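The residues making up each chain are set out below.
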Amino acid sequence: MGSLRFNYKKRLSYIPFVLVLLDLQHEGVQCGKNAEVENHLELGKKLLAAGQLADALSHFHAAVDEDPKNYMAYYRRATVYLAMGKSKSALPDLSSVVELKPDFTSARLQRGNLLLKQGKLDEAEEDFKKVLKSSPSAKEETDAKTQLIKCDEMQQLLVQTHREFNNEDYKTAAAQLDALLETCVWDVALRELRAECYIQLGELGKAISDLKAATKLKNDNTAAFYKISTIYYKLGDHEMSLNEIRECLKLDPDHKQCFSHYKQVKKLNKQIMSAEELIGEEKYTDAISKYESVMKTEPNVPYYTMQAKERVCHCLSKNQQALEAIETCTEVLKSDPHNVNVLKDRAEAYLLDEQYHEAVRDYETAQEHSESDPQVKEGLERAQRLLKQSQKRDYYKILGVKRNAQKKEIIKAYRKQAQQWHPDNFQDEEEKKKAEQKFIDIASAKEVLTDPEMRRKFDDGQDPLDPENQQGGDNGGHHFHRGWNSWQGFNPFGSGSFNFKFQHN
């Protein structure tokens, strides 16, 4: 570019001195002006041929500025715009050419083609007819006749499309619009009409695609941005809905529909984000309250109600509110029976409530629909271990406490059971023998459930006092089989620590 400008200046330096003197006269100024325009046109033409479109465009800009009545400057600039894919900018330049030189058939033919792509069928048809009346070349005549036939086909198809749309035959209308848009690719109205067909057919992704194209084809298309936002909102994508409605307000901050929708989406988005933050902080009770607010904010879009209930189900399960979690999760699964996240949460709630068969069933269903989820695999294995364990000794059941019982509750339950089943309370030998075994089980339960590591193992499906789970017959010094003698002298109402020696069988 720099070398071309240098050549241009160098070329000017060779202008005869006499021409410089004539600059003082009107005619001389006009000649200098035309020479400069021609120079810009020539340089622009060379750059265009070399594919340097931006540099060529700058020269054609200069030529138009120097001589606004030079039709060739407009035509060349339109050619660059078309090469750059900027048809919107090319159209006004082609119109200027036709206005300045009505018999310039090439420009009129190109303008007709652009008008046809924009769906301006009547205007395009008029251009093609004028081309045929202006002594066109053989090729131009053929092109104009072909495009006239195309205009007529499009007009007939457009009438049929509107008829089908008004008759609510959206599938047929959409198919006809496909054909129309193959030719009228830049027609905003046709894309918006096809988007409406897709909405009625429930193909919302396709509707969004057409509407987004419409926002690019029409700069101030607030209606399209509003519709895109409402579709995303109904799909449950509140973040994308918020992004699109902001685009509408950028174009028109006072747009009533967009502003009203913006307030609604912003409020909902804030509540959901806040609820998720609370879940991340393990503040499950607060998160439940926040999701209840979400359901009140948007009761009319089923997606948000179900999403909120799904997250409430998760919070209740994590908060160890087993029965409430099972009820809420079950409600969600009625509408979405293969929801893996809800199946996992309900399975965990079933485990809390000691419904092991149900937990295994939920994890198996989840695995069918998410084989690669490591949480499902781990959860299923744990549920199966707990089911197997429940068929043996269950220390929680022995003491009559829930799985989420605190240490104080466990010790209290132990003392009550130990007092009831202490062998010294029984005189009959058979009853005493039964009580001894019961007392051993009670003491074992207390031992396991008050030791954090042993309790963790038991909760994970392993009995730390079961010889089958011990390595080499030993498990950290604990042994499962103990006789009544091992427990004699132990005060169940003392400090709660065990001060006795274990005996091997």
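Residues numbered from 1 in each chain as written. Predicted model: local features only at pLDDT ≥ 70, side-chain atom pairs only at ≥ 80, totals over all residues. Heavy atoms only, no water.

Asks: What is the right way to look at the overall build of the protein in this model?
Replies: Check the secondary structure of the protein and you find 26 helices and 0 strands. Taking the contacts inside the protein whose residues are at least 6 apart along the sequence as the reference set, 51% of them involve residues at least 24 apart. (Helix = DSSP H or I, 4+ residues; strand = E, 2+ residues; numbered from the N terminus. Contact = heavy atoms within 4.5 Å.)

Asks: Can you help me understand the nonpolar core in this one?
Replies: Considering soluble globular proteins, one finds that nonpolar side chains tend to be buried as a cluster. Ala107 and Cys197 are the most contacted members of the largest nonpolar core, which has 54 residues in total. Leaving out residues up to four positions away in the same chain, Ala107 has contacts with Tyr75, Leu94, Val97 and Val98. By size, the runner-up hydrophobic cluster in this structure holds 48 residues, among which are Ile288, Val294, Ala325 and Val340. (Core = buried A, V, L, I, M, F, W, Y, C linked by side-chain atoms within 4.5 Å. Buried < 20%, exposed > 50% of the residue type's maximum accessible area, 1.4 Å probe, protein only.)

Asks: Where do I start with the UniProt feature "repeat: TPR" (unreviewed entry) in the protein in this structure?
Replies: When the UniProt feature table is mapped onto this chain numbering, "repeat: TPR" (unreviewed entry) sits at residues 37-70, 71-104, 105-138 and 222-255. For residues 37-70, the end-to-end C-alpha separation is 9 Å, with 79% helix and 0% strand making up the annotated structure. Annotation note: span residues 105-138, helix share 76%, strand share 0%, distance between end C-alpha atoms 12 Å. (UniProt positions renumbered as here; feature names shortened; annotations may be inferred.)

Asks: Teacher, can you tell me more about the side chain of Ser317 here?
Replies: Mapped onto the fold, Ser317 is located in helix α17 (residues 302-318). Sequence-distant contacts of Ser317, that is, excluding residues within four places in its chain, are made with Ala325, Asp345, Glu348, Ala349 and Leu352.

Asks: Would you mind going over the pattern of salt bridges with me for this structure?
Replies: According to the stated counting rule, one finds 29 salt bridges in the structure shown. Residue Arg77 pairs with Asp93 through a salt bridge whose shortest N-O separation is 2.7 Å. Here Arg77, found in helix α5 (residues 71-83), pairs with Asp93, found in helix α6 (residues 87-100); they are 16 residues apart in sequence, far enough to count as distant. For the residue pair Arg77 and Asp93, the accessibility class agrees, reading buried in each case. (Salt bridge = Lys/Arg side-chain N within 4 Å of Asp/Glu carboxyl O.)

Asks: Looking at this structure, how should I read the environment of Leu94?
Replies: Residue placement: Leu94 occurs in helix α6. Exposure remark for Leu94: the relative accessible area of 0% places this residue in the buried category. In sequence terms Leu94 and Ser106 are 12 residues apart; their C-alpha atoms lie 9.6 Å from each other. Non-local contacts of Leu94, meaning those with residues more than four positions away in its chain, are made with Tyr75, Ala78, Ala107, Gln110, Arg111 and Leu114.

Asks: Teacher, can you tell me more about a negative patch on the surface here?
Replies: On the surface, Asp428, Glu429, Glu430 and Glu431 cluster together to form a negatively charged patch. Looking at where Glu429 falls in the secondary structure, it is placed in helix α24 (residues 429-449). Taking relative accessible area as the criterion, Glu429 reaches 60% and is therefore assigned exposed. (Patch = residues over 30% accessible without salt bridge, like charges linked within 9 Å, V, L, I, M, F, W, Y side chains within 5 Å. Areas by Shrake-Rupley, 256 points an atom, 1.4 Å probe, with all protein chains shown as cover. Lys, Arg positive; Asp, Glu negative; His and termini not counted. Charge placed at Lys NZ, Arg CZ, Asp CG, Glu CD.)

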